[in-house]
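Spelled out, the chains give:
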Amino acid sequence: MKKNTYIKGFFAIVAVLAAVRFGFKIGGNDIGADSPSETTTASTVSPDNPENPENPENLENPENPDNPDNPDNPENPENPDNPDNPENPALPRNPLPSTTTPHPIYSVPSFKNTFPDMNDVQMAAATKHGVSPVKNREEAEKRMKELVYVGASPYFHIDKLNSSIPYLVPKAALLLHDIGAAFFDSLYVKGIPLHKIIVTSVMRTKDDVVKLRNRNQNATENSCHLYGTTIDVCYNRYMTIEDPEGPRRRAVRNDTLKWVLSEVLRDFRQDNRCLIKYEVKQGCFHMTVK
């Protein structure tokens, strides 16, 4: 009897356990049908899910650095605080590469002492290297073998001329061209936006001298400008170079440009290419080719 009772009890327990296990299996399947499984839940945060807020490929994510609407994106052309933004007129691009250190501006110790060449010294050079004075513009245009037209150049600007004409001897024309180009180079290496020098007086005819003396009795009758060798370049005005439809150039003080120009002219004078007088009243550098 004890053995039979034990066997019956064993099978009863097995039956109960099987029933319990079967019941749990059914309950698990019902729960899975109404709720996302663990695998499904993981897919909602998958890096490949476009709705995942941590997905770096999600273009709708405002924190994504590659998002074109992200204000911290350096490639965003609408960002007004981006200094490399070509559409931002308040912060134009420095002409130098970002890895280049601009050269310092030294100017000269004294304009008067650095450029002391008086009229008598310049007159000797003018008569030596220049042409015989011309009566008027018509005569100058007939002497094109001796003179060069300098009314247009990418390196300098000829101001409105009331008492001179835009002609020079070839040697003086080359000097003016080289000064303008060197000024460009110097501005560039110093990280300053490009400006043209402004020429206020070039070659004077005999008629020009007569008109000047009628207005100003102190005007000299025998001017260096008569020989096509002499140029006046103002130091208190410059022409900014910029695209009229592009961003505004950074404003530069005339004094800064004057300091740079003085360095350029000092070098040309030291190279024995010209004589220069610093004119205070006329506001110009008066120079004659050598």
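Residues numbered from 1 in each chain as written. Predicted model: local features only at pLDDT ≥ 70, side-chain atom pairs only at ≥ 80, totals over all residues. Heavy atoms only, no water.

## Considerations on the overall build of the chain
A count of helices and strands for the chain gives 8 helices and 8 strands. Counting all 290 residues of the chain, 37% fall into the buried class. For the chain, the proportion of contacts with a sequence separation of at least 24, taken over those separated by at least 6, is 66%. Total accessible area on the chain is roughly 18,500 Å²; 54% of this is exposed by carbon and sulfur atoms. (Helix = DSSP H or I, 4+ residues; strand = E, 2+ residues; numbered from the N terminus. Buried < 20%, exposed > 50% of the residue type's maximum accessible area, 1.4 Å probe, protein only. Contact = heavy atoms within 4.5 Å. Areas by Shrake-Rupley, 256 points an atom, 1.4 Å probe, with all protein chains shown as cover.)

## As for the side chain of Lys277
With respect to the element layout, Lys277 can be found in strand β7 (residues 274-279). Setting aside its immediate chain neighbours within four residues, Lys277 contacts Phe115, Pro116, Asp117, Met118, Gln122, Cys284, Phe285 and His286.

## Comments concerning helix α6 (residues 170-189)
For α6, built from 20 residues, the straight-helix expectation of 28 Å at 1.5 Å per residue is met to within 8% by its first-to-last C-alpha distance of 29 Å. Here α6 has its buried residues at Ala172, Ala173, Leu175, Leu176, Ile179, Gly180, Ala181, Phe183, Phe184, Ser186 and Leu187. Taken from the residues just after α6, Gly191 is the one with a positive phi, measuring 75 degrees. (Expected span 1.5 Å × (residues − 1).)

## Structural notes on helix α7 (residues 206-215)
Those residues of α7 that sit buried are Asp208, Val209 and Leu212. All buried residues of α7 lie within an arc of 100 degrees about the axis, which places them on one face of the element. (Arc of directions from axis to C-beta.)

## Comments concerning unusual backbone geometry
Only a minority of non-glycine residues have a phi that is not negative, and only a minority of peptide bonds are not trans. Unlike most non-glycine residues, Ser107 shows phi in positive territory, near 60 degrees. Residue position: Ser107 is located in the loop between α2 (38-43) and α3 (111-114). With phi around 65 degrees, Asn272 is a residue other than glycine that occupies positive phi space. Secondary-structure assignment places Asn272 in the loop between α8 (254-270) and β7. Owing to a relative accessible area of 48%, Asn272 belongs among the partly exposed residues under this scheme.

## Re the packing of aromatic side chains
The final tally for this structure, using the stated rule, is 8 aromatic pairs. Between Phe115 and Phe285, the aromatic rings sit 5.2 Å apart at their centres with planes inclined by 70 degrees, giving edge-to-face as the arrangement. Taken together, the residues Phe115 in the loop between α3 and α4 (119-129) and Phe285 in strand β8 (residues 284-289) connect sequence positions 170 residues apart. Judged on exposure class, the residue Phe115 and its partner Phe285 are both buried. (Phe/Tyr/Trp six-rings, centres within 6.5 Å; stacked < 30°, edge-to-face > 60°.)

## Concerning the environment of Arg253
In this fold, Arg253 is placed in the loop between β6 (239-240) and α8. Arg253 gets classed as exposed once you look at its relative accessible area, which sits at 55%. Expressed as a C-alpha distance, the spacing of Arg253 and Tyr238, which sit 15 residues apart in the sequence, is 9.8 Å.

## Re the pairing of β7
Where burial is concerned, most of β7 is hidden: 5 out of the 6 residues are buried. When β7 meets β8, the two strands line up antiparallel, connected through 6 bridges. Within β8, the residue paired with Lys277 across the bridge is His286. Linking two consecutive strands that pair antiparallel, namely β7 and β8, is a turn of 4 residues; a positive phi of about 65 degrees is found at Gly283 within it. (Pairing = 2+ DSSP bridges.)

## Focus on the pattern of salt bridges
Considering all chains together, one arrives at 10 salt bridges under this definition. A salt bridge links Glu139 to Arg143; the nearest nitrogen and oxygen atoms lie 3.3 Å apart. Judged by its relative accessible area of 27%, Glu139 is partly exposed. Since its relative accessible area comes to 14%, Arg143 is described here as buried. Two residues, Arg266 and Asp267, come together in a salt bridge whose shortest N-O distance is 3.3 Å. When salt bridges that share partners are traced, they join Glu139, Arg143 and Glu146 into one network. (Salt bridge = Lys/Arg side-chain N within 4 Å of Asp/Glu carboxyl O.)

## A short note on the packing of α6 against α8
Taken N-terminus to C-terminus, the directions of α6 and α8 make an angle of 130 degrees; their axes are 10 Å apart at the nearest point. The orientation of α6 with respect to α8, classified from their angle, is oblique. Considering the relative orientation of α6 and α8, their crossing is right-handed. Packed against α6, whose contacting residues are Leu175, Asp178, Ile179, Ala182, Phe183, Ser186 and Leu187, the element α8 presents Leu257, Val260, Leu261, Val264, Leu265 and Phe268 at the interface. When its residues are assigned to classes, the contact of α6 with α8 shows 11 nonpolar, 1 polar and 1 charged. (Axes fitted to C-alpha atoms, helices over the stretch in contact; angles between N-to-C directions. Parallel < 35°, antiparallel > 145°, perpendicular 65-115°, else oblique. Left-handed = near helix turned anticlockwise from the far one by under 90°. Nonpolar A, V, L, I, M, F, W, Y, C, P; charged D, E, K, R; others polar.)

## Topic: the layout of surface pockets
What the largest pocket holds in volume is close to 780 Å³. For the lining of the largest pocket, the secondary-structure elements that each account for two or more residues are α4, β4 (195-201), β7 and β8. Considered class by class, the residues forming the lining of the largest pocket number 6 nonpolar, 14 polar and 7 charged. (1 Å grid on protein atoms, 1.4 Å probe; cavity = no way out; pocket = protein on both sides within 12 Å on 5 of 7 lines; lining within 4 Å. Points joined across faces, edges and corners; volume = space filled by probe spheres on them.)

In short, the description is geometric, and any link to function would need to be established separately.
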